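Structural characterization, general
One letter stands for each residue in the lines below.
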Amino acid sequence: MIRASRQFVVFVLVAACSALIAAGPALAAPSKTLDNLQAAFNGESNANAKYLEFAKKADQEGYAGVAVLFRAAAKAEEFHARNHADVIKKLGGTPKAEIKLPAITSTADNLKAAVEGETYERDKMYPGFIAEAKAAGEKEAVRSFNFAVAAEGQHAKFYTEAAANLQAWKAAKKFAVCPVCGNTVTVVDFSKCPVCFTPGEKFVAVA
Ligand SMILES: [Fe+2]
Ligand SMILES: [Fe+2]
C-alpha cells in the first residue's frame, strides 16, 4: 500500500513537471522586444516627420547644406521605421506611430535638438533595446536595431559638424543613404555598404 502511494506521488510529480515544461514559454517573462520595436518605430517615424520640417526651415533660412542633411537623415529614419515595422509584423504586432511635431524655431536650435535626439538613441535607447533583443534571441530585431544605431551615430556627427560651423553649411551638399540600413554618407566610395553590404550603386541620392 505504501509502495503504491509512493508510486502515485512520483506519478503526480512527473505529470506536474511535464505540464510545467510544456507550459514553459507561457510562464517565462514576456519579451520586451515587441514593445521596444514599437517605441523605436514611433521614434523613427517622428524623427522622419520632424527632420522634413527642419529641412524646410533650413531652406527658408538659406542653409541649403543643412536642409539636404535633414532630408538625408529623414530618408534614413524612414528606412529604419520600415525595418522595425517589418519585424513588428513578423512578431504578430501592428506598427503604430503618433506623430507629434515640435515647435519649429531656428535652424541653429533644430540642429541642437537633432543632436540631442540622435545622441539619446545612439547611447541609451538602442543599446538597451539591442541588449534585451539579444537576451530574448530576437535576431531580426537585433539586426534592425543595429542598423539604426549605426546610422544615428553618423547623423549625430553630421549635425554636430553643422551646428559648429553653420555658415559653411549654407552651400548645397549631397548625401547618399543606404536603402537597407540607412547608412548616411557624403560620398559612395565603396562597392558595398560597410554596415550591411548592400551594393553601393543602390544608395539613394539626396540633394
Ligand atoms: Fe538619425
Ligand atoms: Fe547599408
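Everything that follows concerns the structure shown earlier in this document.
Here we summarise the structure given alongside this text. (Residues numbered from 1 in each chain as written. Chains lettered and ligands numbered in written order. Predicted model: local features only at pLDDT ≥ 70, side-chain atom pairs only at ≥ 80, totals over all residues. Heavy atoms only, no water.)

Remarks on the environment of asparagine 48
Rules: Helix numbers and strand numbers start at the N terminus; a helix is a DSSP run of H or I with at least 4 residues, a strand a run of E with at least 2. Each residue is assigned to one of three classes by its accessible area relative to the maximum for its type, calculated with a 1.4 Å probe on protein chains only: buried under 20%, partly exposed between the two thresholds, exposed over 50%. Only heavy atoms matter for contacts: two residues are in contact if any of them lie within 4.5 Å across the pair.
Here asparagine 48 shows up in helix H3 (residues 33–60). Using a relative accessible area of 17% as the deciding quantity, one classes asparagine 48 as buried. Residues asparagine 48 and arginine 71, spaced 23 residues apart in sequence, show a C-alpha to C-alpha distance of 8.5 Å. Leaving out residues up to four positions away in the same chain, asparagine 48 has contacts with Ala74, Lys75, Glu77 and Glu78.

Side note on the coordination of the iron ion (ligand 2)
Defined as follows: Only N, O and S atoms count as donors, using a 2.8 Å limit from the metal and a wider 3.2 Å limit for Na, K and Ca, and since water is excluded some coordination spheres may look unfilled. Square planar and octahedral sites, with four and six donors, are those where opposite donors lie more than 155 degrees apart and all other angles lie between 65 and 115, tetrahedral sites have four donors with every angle between 85 and 135 degrees, and the rest are irregular.
Of the protein atoms, only Cys178 (SG), Cys181 (SG), Cys193 (SG) and Cys196 (SG) coordinate the iron ion (ligand 2), at distances of 2.2 to 2.3 Å. In this structure, the iron ion (ligand 2) is surrounded by 4 donor atoms whose angles at the metal cover 98 to 117°, and the resulting shape is tetrahedral. Counting residues between consecutive donors of the iron ion (ligand 2) along the chain gives the motif C-x2-C-x11-C-x2-C. Here cysteine 193 lies in the loop between strand E2 (184–185) and strand E3 (204–206) and cysteine 178 lies in the loop between strand E1 (175–177) and E2, a separation of 15 residues in the sequence. With respect to class, cysteine 178 is no different from cysteine 193; both count as buried.

What about the sheet that holds E2?
Selection rule: Note on pairing: two strands pair once DSSP finds at least 2 bridges between them. Note on geometry: axes are C-alpha line fits, over the in-contact stretch for helices, and angles between N-to-C directions span 0 to 180 degrees.
Pairing in this open sheet of 3 strands is antiparallel, and the strands run E2-E1-E3 from one edge to the other. In the strand order of this sheet, the two ends are held by E2 and E3, each with one partner. Looking at chain direction, E1 and E2 are connected through 2 bridges and run antiparallel. The residue of E2 that forms the bridge with alanine 176 is valine 185. Across the sheet, helix H4 (residues 64–90) touches E1, E2 and E3, and the angle it forms with E1 is around 0°.

Some points on the coordination of the iron ion (ligand 1)
For the iron ion (ligand 1), the full set of protein donor atoms is Glu77 (OE), Glu118 (OE), Glu118 (OE), Glu152 (OE) and His155 (ND1), at a range of 1.9 to 2.5 Å. The exposure class assigned to glutamate 152 is buried, which follows from its relative accessible area of 0%.

Brief notes about helix H5 (residues 107–135)
Put simply, the test is: Helix span, expected: 1.5 Å multiplied by one less than the number of residues in the helix. A residue's bend is the angle separating two fitted axes: one through the seven residues that end there, the other through the seven that start there.
Between its first and last C-alpha atoms H5 spans 40 Å; for 29 residues at 1.5 Å apiece the expected length is 42 Å, and the two agree. At glutamate 121, H5 is bent by approximately 45°, the largest bend along its length. Listed in full, the buried residues belonging to H5 are Thr107, Asn110, Leu111, Ala114, Glu118, Glu121, Met125, Tyr126, Phe129, Ile130 and Ala133. Immediately beyond the C-terminal end of H5, within one or two residues, lies glycine 137, with a positive phi of roughly 70°.

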